[in-house]
Amino acid sequence: MSDNTLTLTRTFPDVDPEAVYDAWTRPELLADWYGPEGFQNEIHEMDVRVGGRYRLTMIAPDGAHYPLSGEYRTLEPPHRLAFSWQWENQPASIGNDITLVTVDIKQVGRGTQVTLTHSEFADAARRDNHRHGWEPSLDKLGRFLASSGSQ
C-alpha cells in the first residue's frame, strides 16, 4: 500500500451491513451525514450503478462550496462499493486529481465494520487533508446510523 493511501476503519454496533450500504448509496440518506462536522450537502446526481456518475456539493459552515464528482466503479451490495473522486475547481492545495474511494462493509458480531480506503493521492499532504474530512464524516455516519435505528 502506498504512503499516499488513507485507510480508516470504524465499527458500528447494532447496525447491519445493508443499512450501512444504503447510507452510502441512497441520496436522501447520504445527504444527512456526508462530509465534515457542520457541512451540509446538495446531491445533484447519484446514478448508483457501475459506470454511473455522482455529483454533489459540500457546503461549509462559512458558506464555501466544495463540489465533487466521480463514477461508481464497483457495487457489491451490501459488502463493497468503490468510486472515483474528483474535486471540481479547487485550489492546488486541495487538488483536482482523480482518486479512488473504496468502502468495505462486513458484519462483525451484531455490528458492522466499515473500512474506507482513499487511494491514488498525488502526495501525502493531500492524503492528510482528506483525513481531516473523512474522520469526522465517519463519526457522523455512526451517529446517523445509531439515530435512525438501522438494524
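Residues numbered from 1 in each chain as written. Predicted model: local features only at pLDDT ≥ 70, side-chain atom pairs only at ≥ 80, totals over all residues. Heavy atoms only, no water.

### Here's the deal with the nonpolar core
Ranked by internal contacts, the top residues of the largest apolar core, which has 37 residues, are Trp24, Tyr34, Phe83, Trp85, Val103, Trp134 and Leu145. Excluding residues that lie within four positions of it along the chain, Phe83 makes contacts with Trp24, Tyr34, Tyr54, Glu71, Tyr72, Arg73, Thr99, Leu100, Val101 and Val103. (Core = buried A, V, L, I, M, F, W, Y, C linked by side-chain atoms within 4.5 Å. Buried < 20%, exposed > 50% of the residue type's maximum accessible area, 1.4 Å probe, protein only. Contact = heavy atoms within 4.5 Å.)

### Describing unusual backbone geometry
In this chain, Pro77 is followed by Pro78 through a cis amide linkage whose omega measures -10°. Following the sequence through the fold, Pro78 ends up in the loop between β4 (65–76) and β5 (80–87). Unlike most non-glycine residues, Glu120 shows phi in positive territory, near 75°. The residue Glu120 is located in the loop between β7 (111–119) and α3 (124–147) in this model. (Helix = DSSP H or I, 4+ residues; strand = E, 2+ residues; numbered from the N terminus.)

### A look at the pairing of strand β6 (residues 99–108)
Alignment of β5 against β6, held across six bridges, turns out to be antiparallel. Its bridge partner lying in β6, Arg80 is registered against Asp104. Bridging between β6 and β7 involves nine bridges; their strand directions are antiparallel. Bridge pairing in β7 places Val103 opposite Leu116. Turn length for the β6-β7 hairpin, with the two strands adjacent in sequence and antiparallel, is two residues, and the turn residue Gly109 shows positive phi of about 60°. (Pairing = 2+ DSSP bridges.)

### Overview of the packing of aromatic side chains
The full count for this structure, using the stated rule, is 14 aromatic pairs. Centroid distance Trp24 to Phe83: 6.3 Å. Interplanar angle 40°. Geometry classified as tilted. Here the residue Trp24 occupies a position in helix α1 (residues 17–25), and Phe83 occupies one in strand β5, the gap between them amounting to 59 residues. In this pair, the class of Trp24 matches that of Phe83, namely buried. Both rings, one in Tyr34 and one in Trp134, keep their centres 5.7 Å apart while their planes meet at 80°; by these two values the pair is edge-to-face. (Phe/Tyr/Trp six-rings, centres within 6.5 Å; stacked < 30°, edge-to-face > 60°.)

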